[in-house]
Structures are given as C-alpha cells and as structure tokens.
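The residues making up each chain are set out below.
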Amino acid sequence: MEKLLEMARKAAGQAEVFSAEQTSSSVSFQDAKLYDLKTNFLSGVSLRIIKDGKLGFAYTRNLTDRQGLLDNALHSLRGEVEADYDLPDSRGSQDLITYDPGTAKLTNKELVGEAKRVCEILKTRAAGEIMAGAYASVDSLRILNSRGVDLSQRNSQAGSYSSIIFPGSGSGISRQTQGLEMEKMPEALISEMADLFKQGQKTVQPKGGRMKVLFMPDSMITLLWRISSGLNGRSVYEKVSPNSARLGQRIFSPKLTIFDDPLNDAYPGARAWDDEGMPCQKLPLVERGVLKAFFYDLKYAKKLGTVSTGHGYRGDIWGGDPVTVKPGPFLGHLFIEPGPASLAKLISLMDRGIIMEGAMGAHSGNIPNGDYSIGISPGLYVENGQIVGQVKGAMAAGNIYETLANVVEVGDTLYPSFEGARVPPLLCEGVSVTTKA
Amino acid sequence: MFDKLEKILAGAKADYIDIRYEEVRETAIGYSGKELTALSANSSDGFVVRVLDKGGMASVAFTRPEEAGAAVRSAVENAALFSRNMEKPVRLAEAPVIRDTIAPKMAEDPRGITMEEKVELLKKYNNIPLVQPKVVTTSIAYSEVYRKKYYLNSQGSRIQEDLITTGIRGMITAGEGSLTQNIRVGIGGSDGFGAIRGQERHFEEKTKLVLDLLSAEPVKSGTYSCIINPSLAGVFAHEAFGHFSEADIVETLPAMRKRMTLGTKLGNGILNIIDDATRPGQLGFYKYDDEGVAVRPVQLIKDGVLAGRLHSRRTAAEFGEPLSGHCVAEDYRYAPIVRMGTIYIQPGGKGFDELLQGMGDGLYLLDAKGGQTSGENFTFGANYGYQVRQGKIGRLVRDINISGNLYQTLMDISAVGNDLKLSQVGGCGKGQSNIRSCNGGPHIIIDKLIVGGI
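Residues numbered from 1 in each chain as written. Chains lettered and ligands numbered in written order. Predicted model: local features only at pLDDT ≥ 70, side-chain atom pairs only at ≥ 80, totals over all residues.

Quick look at the overall build of chain A
Helix and strand counts for chain A stand at ten helices and 25 strands. Scaling as 2.2 N^0.38, a compact globule of 437 residues should have a C-alpha radius of gyration of about 22 Å, and chain A matches this with 23 Å. Dimensions of chain A, computed from C-alpha atoms along their principal axes, come out at roughly 70 × 55 × 35 Å. (Helix = DSSP H or I, 4+ residues; strand = E, 2+ residues; numbered from the N terminus. Rg over C-alpha atoms; globule rule 2.2 N^0.38 Å.)

Dropping the structure here:
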C-alpha cells in the first residue's frame, strides 16, 4: 500500500489509498429449521487521486498490479470530475474499543446454537412461522494519504435476529441485537415479540383518518431516511433540502433530540475517523426540536465554505461496497435521544392508532422534501390504550416535518435500526392513515 | 480458467461442489446537476463455492486466490455442520451436464465506445432538463456492467457466459417556492449501446412532466378504480405477485406455500403472467443461471390459475417441480438465490381507449417509482397520474403511492390491454441486487386500489 501511495503521489500530487478486509459468517433458520450457512472473505484496495483539482478513482480486489491500478485512476482524471478540496492531514485519533477478539473465534457452531435457541423459545411462545439468524463479522480498514495520514482500525460485530411471521401473510414482528461480541437475544426482547404477535392474531378493519402512529424500529427507516436526507450537506448544496435556511430554528417537536455519535463505542461500528481520514465527532443535529447542524464530507463542506464534520463514508442509504464506492456524506451513527416512556406506556397513550412494526415503500417518494407514503405491514391497531388486532392493507402518509412536530412521547429504549442508527419507539399524532374500511 | 477452478476444488471431498469465478468490469459516469461527479472504469473479481455433502449445504465467497484453500475448507466444514443440525437433507434436482460458451448479441458493443463519447451522450441528455429554470437539479448516471462468468460443477458442467448491461438512469428534480417534485428517467438494456442512443425524446417528455407536476394537485387519498400503465403493471407483476412465485420465498412459509399450491385459482380469469428471460433483445435476457441450468419460460398464472413457479435446483427438488433456471447471483460476492428473470402480464385484447371507457371514473396512474412487498401486502409509488371522469383523462395529480393485498388485487384486475411493454432498467433488491430484473405488461384496470396521498 505504501508503495502504491508513493507512486500515486508522484504521479498526481494528492493521493489516498483505502483498504478493507472483511471475514463474515452467517446462519439462517427459516420456519425454525436450518436453511443457510454462508461465509465471506472479501477484500480490496481503492485509490483516490487529486491532480490539478480533478479527481481520479480506481479500485481492485487484488493489488497485484500497482501500475495498472494507478493508470486506471489517472485515466479517470480525463473526465475532469472536479475535486477542489484537499485531503486531510489529521494525525490524531481517539482510542476506541471497536474489536473483541472473541468474535474472531466465534464458530459457526455457536451461531447455529444461538439461532436454534431463539427458534426453540419462540416455538413455545407463538404459533407463527419463525425465522431466526445469527452472524459474526470481523473487518479491518486502513487509510493512507499523501499528507501523512496513516490510520487503521479493526472492528468486530456479532448479533442475532428473529421474526415471527403471521401465517399466510408473510409479514411479521422482528427484533435484532448487535454487539462487538455475540449479543444473545435477551429474554425481554423475545417476550416483547411474542406478546405483540399474540395480540395481532385477530384481523380488524378500522376506519381510516388522522390518528396516532407508533413508529417501531423496523418502520423508523421511513423517518430516518428523510431526516438524513434533509440534514445532508449534499442536499443543502443541491437545494433540495427544505432546511437550508432553518439553522437555529425549530423543525421538530421539542421532545426530539437527534445526534450522530461515531465515538460511542458501547455499540459496534464506532469510528474514530471517517473513510476520508477526518476525525469523527459527536455532532448534535437537532436539539429539543431545533436544527443545530448539517453533516458534510470533504467535498460538500468545501462547496459550502465550511469544514467536513467527519461524515465522508463509502456507502449510502442503499449500502454499498466500501472498496468500490467513493466517499460521500452519510450519517452512520445516528441516535435519537430516548424519552421517558416504556413501550407499555406508549401504547396506553394511544386513544386510537396503529403500532407500525414494518413499513413498505419507505424508499420511494420525495425523500429530501420529507414526504412519505407507506404501506403499514404489519400494523397493530390500538383503541383506548389496548391492542385490538392486526390491520391489513393500511397506508400512512405525510411529511416528516409535520409528523415529527407532533411527537406525543418518546420511548425509553434504544433499538438498533438501519445502517448503525439507534432509536427509541416514537409516538406521533395526527398521522393520516388510509384503510380499506 | 476452468483448469484453475478445477485445481481449487481438487482436494475437496463432497457429494456435490460447484464454483463460479467472475470478473466484473463496471463503467460509471455520473452527473449531479451540471457537475460531472463520477467517472471510472474498474475491474474486480472473485469466487463463490457451494458445497453439498450428506444433505448439508453451505457456500463461501472469496476474493483472494491465495485464500481459496481456506475458503473451500470452510464451506466443506459448514456443510458438515449443516448436516449435523438439519431436520431434512437438502437435495438438488437432476440437471443436464452442460458445456457451452455464450456471448451476448448486441446492436453495438458498449466496450468498443470511448469514454469520451459516453460522457458526451450523457451530458447531452442531462442538459435537456437543466436548461429549464425550474429544474433544480438532476442526478443522472451511465452504468455499464460487464460480468464475465465461469461456472464449473462436480457433475461435469463448464459454462462461460458474458452478460453486459448498459443503462442511463436517474432523477430530475424541479422546484417552485417550497415545493419540489421529481421524476425518474431510465433507458437501456442488455442488447448494447444502441438502446441508449437517440433517446432525447425520453428526457424531453420527462422534463415536461416534472415541470407540469409543480402545478399538479396532490392526489386525494382513498380507494379508486385505476388504469395502471405498463411500467406500473410490471412492478405489480414483480412486487406483488412475482416474489411469491420464487420458490425459496414460499418454501419456508408453510401457510403461504399451501395457499400457493399449483392449480389454485388466484386471479380473475383474464389474467395471464409469465416469466420469460429467453425473449431476445430485452433487459433480463440470459441463457444459463448461476448454477448452470438453462432458463426457460415459465407460465406462472394461466387464466387466473397458478400454473408454475421459479426454481433453483434445491427448491425444484423440495417441491418436486421441474427446473426453471432462475437461481441467479448479483456477482462474485454472493451465492445465487431464486430470482425472477423477465416477468410480465401477458397482453389481452383491449385497446387503451376501450379501457378508459370501460372504467368510467377513477385514476390513470403511470410509471413506477419503487415498490415493496411485505407478505401479501404491497406498496408502490407512481410517478404521476391523471383523474379520469366518464372515460376522459382530466387533471394531473402527484404524490401517489398505492397499496393493496395481493390476493384481492389479482381478483380485482378487471381488464387487460393489448399494449405490452417491458422495462429497460431494473433493480430488484432481495438481499442482493439484480440490475437485469425485467418486468412489464400492458395497461390494465384494477377495480379497487388504496391510494395514499399526503
């Protein structure tokens, strides 16, 4: 890698070499039976160069031909993709615990054991179709650049997930755990799934209208994508974020505090620096409803005359392979501050509404603008604080800047949600729900 | 290459083993507004090995040739672990041994076209919306993915097939005051660069539409009779129904599997759905899947009755149904899973005007904007639509997402048009993505659809 960096520096001026290696294993049980066992050994090297304000980019899985890779990056300079920013020269790096050696030693037998254990418990608790799985992954990242940055980090993550599917419907109640080391599915989470499942046995056909909606971890993606998009420096630059002129203004309910915290190593995936080598920081985004900051990578920070907040990642809301994707602004460690209410309390606050366990179509619609229009599947209908059954074929629609202005209460427990986000359940009111009744 | 692959498997002892090596060459050019934001052409490669032994099955993907030994060992160990923990052995349906080499037939090979020409063409299309003052931004990308695949199995098959997918896709965003609207664009296919030349009209039409949407009314939520256009009909066929014709989905959902027994009446008698990746000149074309089985057309619904299913060798054995050649991987990072190839609603006899007259009042919805299924329920977006009163197309409406129940909706399809059209760009994400996922249909009428506005 050093040799490649030196060659690239000589040829281009600024250069960055990024490498990623990952070993992961996963097992899945379907209908409570072992279905799939997979292992992956993926690695690769990616080269970014900046010459006369233009960007070159190339990658490979096997660094056998350094000159070939460099030529490829030099060739791509001809497109004249603008890069008027400088690579960072940051040396400092926080001391984070991101790796547990136990995870590297975790055997597939242990993964099978955990998934089987969860299946066995759920089989005795719920008459649904049971899916479960467990995984373990170990990876290392390294960034070298021509301004002296040489950072590396080893990460581990392991976890367990399961779903109880309502027979015949194909949709169900799901929960997951994540840790640096194998985080077994706790009893409380298993009970929560089983209880919600039981209460959704009966199908009900309530009338639509404005009502309360309780966003659960699997449907929170609807809100999180739109929050991320609206706070993204790129959306501001492209003038598609409605928040551009709202810094310091109230955009959400005072009950909502949202921040990004890559440095919190109580959770897997903590980062001391981003994929561009910028130091990470805890970034308050929304404090008690007031917009505090946007997040940036090097490129969009420069365009908007500010500095990168350390959010240049090689991936986006669609995932992406760190070796083949160029860095862009991304919130990878989003937290919503938990509130005072237990799940039971939240449900008791619902005179009429739906507990949304899953959302369909969260990825369509005018995301930067905050609009959503989603199918609720599954959804549990609540009346007078009691779950009365499952509602099928209902839709919820709105705009997050209205929905999140109407937060009734925030849950007290953080759940892992998509792409590293940790969020509590959120109870909102006045959400427009359409049903077939 | 096949000798190399043989060598990798040489020491492994198993009832069955296969290996796939792929080189993927991706060319990407992207514009964000006026700015060129991406330009690169890169190759990457890797291997996938699958092992079946004593009923236990496992797979491994790896990218470093020097790790081949460890990778194969881990797959063999995992298969043994599977075997010790299984309730029922995995079997693979018998498949013919095939030795073949397939190169795609293309109007114009994109690999022979210079990067400069590709950039020029993309820039020309991108400028069509950008000259309009109300267009806030565009996000338009050219993508060319060349998969060179070598497949070998312990039963003697050796297949080399090349797949080249070319496309331009993206989004145009227009804004006025605090309102923004966007519309998707997409052209391309699997038959070469010719498919994306001379497509100015596509970008002109989409630009006009996104500007018109700024003054359109949001649709009023409710239940409507709807005519949906071929793009939406295709997404319906794919999302709402198609995933349940993928055998690996229903295999482990006992209640759904029972409901999807072949011979069950699922839809209105006028409804016919087929998956036919063998049709030449369309996005989803391929000859062999990623376990070396030749793909064949599968009639999925015949006159409203469930008639067939899409299979891997594993699911074909499990269901005791014929092989179909639908076990496909995104690339060398993944073991293959059951995927649709080219699914479409087969055309009926009615012209578009006849459909309009027949429906009377309702909505005419056009162009898919993403879709998703969660079990029997589906949701997908329509880019735009029109009110229909007494068979006449009226005002433009926006912000449309529709939702429904699969079984109910199959019954509610009350008329099928005669104008079949297939999609030119794809992207189905079922754990891994499939950029050649193709779908389509004619215009159809669905009697009751839930439409969620804002």
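What follows picks up the thread again.
Description of the overall build of chain B
For chain B, the count of helices and strands is ten helices and 25 strands. Relative to a compact globule of 454 residues, whose C-alpha radius of gyration would be 22 Å, chain B shows 23 Å and is just as compact. Principal-axis analysis of the C-alpha atoms gives chain B an extent of 70 × 55 × 35 Å.

Let's talk about the nonpolar core
Ranked by internal contacts, the top residues of the largest apolar core, which has 262 residues, are Leu47(A), Ile354(A), Met356(A), Val49(B), Val51(B) and Leu365(B). Sort the elements by how many residues they give to this core and strand S2 (residues 33-51) of chain A lands first, with nine residues. Dropping the residues within four chain positions of it, Val51(B) is found in contact with Ala14(B), Ile17(B), Met57(B), Ala58(B), Ala75(B), Val76(B) and Ala79(B). (Core = buried A, V, L, I, M, F, W, Y, C linked by C-beta atoms within 7 Å. Buried ≥ 20, exposed ≤ 12 C-beta atoms within 10 Å, placed from the backbone. Contact = placed C-beta atoms within 7 Å.)

Section: the sheet that holds strand S11 (residues 298-302) of chain B
Residues and elements named next belong to chain B. If you walk across this open sheet you meet the six strands as S12-S11-S10-S15-S24-S21, and the pairing is mixed. Only two strands of the sheet have a single partner each, and these edge strands are strand S12 (305-306) and strand S21 (421-422). In this sheet, S12 lies alongside S11 in antiparallel orientation, the contact comprising two bridges. Pairing of Lys 302 across the sheet is with Val 305, part of S12. (Pairing = 2+ DSSP bridges.)

Some thoughts on the confidence of the model for chain B
Mean pLDDT over chain B works out to 94, with 99% of the residues at or above the 70 mark. Both confidence scores are given for the complex: pTM 0.92, ipTM 0.90. (pLDDT = per-residue confidence, 0-100.)

Quick word on the domain arrangement of chain B
All names here are of chain B. Per the domain assignment, the segments making up chain B are domain 1 (2-215) and domain 2 (219-452). Computed over C-alpha atoms only, the centres of domain 1 and domain 2 are separated by 22 Å. Taken together, the contact pairs 42 residues of domain 1 with 32 residues of domain 2. Those elements that place two or more of their residues in the side of domain 1 that touches domain 2 are strand S1 (16-32), strand S2 (35-53), strand S3 (56-62), strand S5 (135-153), strand S6 (158-176), strand S7 (179-189) and helix H4 (200-213). Counting residues per element, the side of domain 1 that touches domain 2 draws most heavily on S7, which supplies seven residues. (Domains from an automatic or database assignment.)

Observations regarding the interface of chain B and chain A
With 71 residues of chain B at the contact, the number on the chain A side is 63 residues. When residues of the side of chain B that touches chain A are assigned to their parent elements, the largest contribution, ten residues, is made by S2(B). Of the residues that constitute the side of chain B that touches chain A, the class distribution is 24 nonpolar, 37 polar and ten charged. Pairing geometry for S2(A) and S3(B), over four bridges, is parallel. Of the residues in S3(B), the one forming a bridge with Phe41(A) is Phe62(B). (Nonpolar A, V, L, I, M, F, W, Y, C, P; charged D, E, K, R; others polar.)

A short note on the domain arrangement of chain A
Residue and element names in this part refer to chain A. With domains assigned, chain A is organised as domain 1 (2-194) and domain 2 (200-437). On a C-alpha basis, the centroid separation for the pair domain 1 and domain 2 is 22 Å. Each partner contributes to the interface: domain 1 provides 34 residues, whereas domain 2 provides 28 residues. Counting residues per element, the ones that place at least two in the side of domain 1 that touches domain 2 are strand S1 (14-30), S2, strand S3 (54-60), strand S5 (129-145), strand S6 (150-165) and strand S7 (172-179). Sorting elements by how many residues they give to the side of domain 1 that touches domain 2 places S7 first, with six residues. Split into classes, the residues belonging to the side of domain 1 that touches domain 2 amount to 15 nonpolar, 17 polar and two charged.

What to know about the pairing of S6(A)
All names here are of chain A. With 16 bridges connecting them, S5 and S6 associate as antiparallel partners. Across the sheet, the residue bridging to Val 138 is Ser 156, located in S6. Here S5 folds back onto S6, and the loop between the two strands holds four residues, one of which, Gly 148, carries a positive phi near 100 degrees. Between S6 and S7, which follow one another and run antiparallel, lie six residues, and Gly 168 among them has a positive phi close to 90 degrees.

A closer look at the pairing of S3(A)
Residues and elements named next belong to chain A. Of all the seven residues making up S3, six are buried; the element is thus mostly covered by neighbouring parts of the structure. With seven bridges joining them, S2 and S3 adopt antiparallel strand pairing. Residue pairing for S3: Leu 47 is matched across the bridge by Ala 58. Taking the residues between adjacent antiparallel strands as the criterion, S2 and S3 are bridged by two residues, where Asp 52 takes a positive phi near 50 degrees. Sheet topology note: the S3/strand S4 (residues 81-82) ladder contains two bridges and is antiparallel.

Concerning unusual backbone geometry
Cis geometry marks the peptide bond from Ser377(A) to Pro378(A), where omega comes out at -5 degrees. Within the secondary structure layout, Pro378(A) lies in the loop between strand S18 (371-376) and strand S19 (379-383). Although it is not a glycine, Glu80(A) adopts a positive phi angle of roughly 60 degrees. Classification of Glu80(A) by C-beta neighbours within 10 Å gives partly exposed; the count is 14. Of note in this structure, Lys54(B) is not a glycine but carries a positive phi near 50 degrees.

Let's talk about the environment of Gly398(A)
Residues and elements named next belong to chain A. Within the secondary structure layout, Gly 398 lies in strand S21 (residues 394-399). Residue Gly 398 is classed as buried on the basis of its C-beta count, with 25 C-beta atoms lying within 10 Å. Separated by 166 residues in sequence, Gly 398 and Asn 232 have C-alpha atoms that sit 21 Å apart.

A short note on the packing of helix H3 (residues 115-130) of chain B against H4(B)
Residue and element names in this part refer to chain B. Interhelical geometry of H3 versus H4 gives an angle of 20 degrees and a closest axis separation of 9 Å. For the element pair H3 / H4, the angle class is roughly parallel. The handedness of the crossing between H3 and H4 comes out as right-handed. Between H3, through Tyr 125, Ile 128 and Pro 129, and H4, the contact on the second element is made entirely by Glu 200, Phe 203, Glu 204 and Thr 207. (Axes fitted to C-alpha atoms, helices over the stretch in contact; angles between N-to-C directions. Parallel < 35°, antiparallel > 145°, perpendicular 65-115°, else oblique. Left-handed = near helix turned anticlockwise from the far one by under 90°.)

With respect to the environment of Ala93(B)
Residue and element names in this part refer to chain B. Position of Ala 93 among the secondary structure elements: in the loop between helix H2 (68-85) and strand S4 (99-102). On a C-alpha basis, the gap between Ala 93 and Arg 314 in space is 6.3 Å, while along the polypeptide they are 221 residues apart. Excluding residues within four positions of it along the chain, Ala 93 makes contact with Arg 313, Ala 316, Ala 317 and Leu 323.

Description of the environment of Asn405(B)
Residue and element names in this part refer to chain B. Residue placement: Asn 405 occurs in strand S19 (residues 400-405). Overall, Asn 405 belongs to the buried group, with 20 C-beta atoms counted inside 10 Å. Residues Asn 405 and Leu 449, spaced 44 residues apart in sequence, show a C-alpha to C-alpha distance of 9.1 Å.

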